[in-house]
Amino acid sequence: MPQPLDPIDLIRLALDERIYVKMRGERELRGRLHAFDQHMNMVLGDVTETITSIETDEETYEQIVRSVSRDLDMLFVRGDGVILVAPPLRTA
């Protein structure tokens, strides 16, 4: 019978693959996972960082959603800001 996978094992399977990381503060990262540790500190390469902000117009009270993206060659991600890590979809 195969051993059940721990959550950290799923991240290990995503090494050198493109992953999605949701961070605190409405930040999203998409990049290639180069390294990680048990605290979810990560080194990502070829990263696209997207920061989304929602502002309310004071006159009309409409919500204005703004997104700003930037591309980075390499990024160290501190694990205490990580909310979610999504490895690539595996198809059979």
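Residues numbered from 1 in each chain as written. Predicted model: local features only at pLDDT ≥ 70, side-chain atom pairs only at ≥ 80, totals over all residues. Heavy atoms only, no water.

**Details of the side chain of asparagine 41**
Take asparagine 41: it is sitting in the loop between strand E2 (27-36) and strand E3 (42-56). On the basis of relative accessible area, asparagine 41 is assigned to the buried category, the value being 18%. Ignoring sequence-local partners within four residues, the contact set of asparagine 41 consists of Ala35, Phe36, Phe76, Val77, Arg78 and Gly79. (Helix = DSSP H or I, 4+ residues; strand = E, 2+ residues; numbered from the N terminus. Buried < 20%, exposed > 50% of the residue type's maximum accessible area, 1.4 Å probe, protein only. Contact = heavy atoms within 4.5 Å.)

**Structural notes on the pairing of strand E4 (residues 63-77)**
Both E3 and E4 contribute to a ladder of 14 bridges, which runs antiparallel. Bridge pairing links threonine 52 to serine 67 in E4. Hairpin connection, E3 to E4: the antiparallel pair is bridged by 6 residues, and tyrosine 61 has positive phi, about 60 degrees. (Pairing = 2+ DSSP bridges.)

**Some points on the confidence of the model for the protein**
With 93% of its residues at a pLDDT of 70 or more, the protein shows a mean pLDDT of 91. The lowest-confidence element of the protein is helix H1 (residues 7-12), averaging 86 in pLDDT; the highest-confidence one is E2, averaging 97. (pLDDT = per-residue confidence, 0-100.)

**Brief notes about the nonpolar core**
Counting residues in each nonpolar core, the largest one holds 14 residues, and the members touching the most others are Ile19, Val21, Leu29, Leu33, Met42, Leu44 and Val77. Broken down by secondary-structure element, the contributors of at least two residues to this core are strand E1 (18-23), E2, E3 and E4. (Core = buried A, V, L, I, M, F, W, Y, C linked by side-chain atoms within 4.5 Å.)

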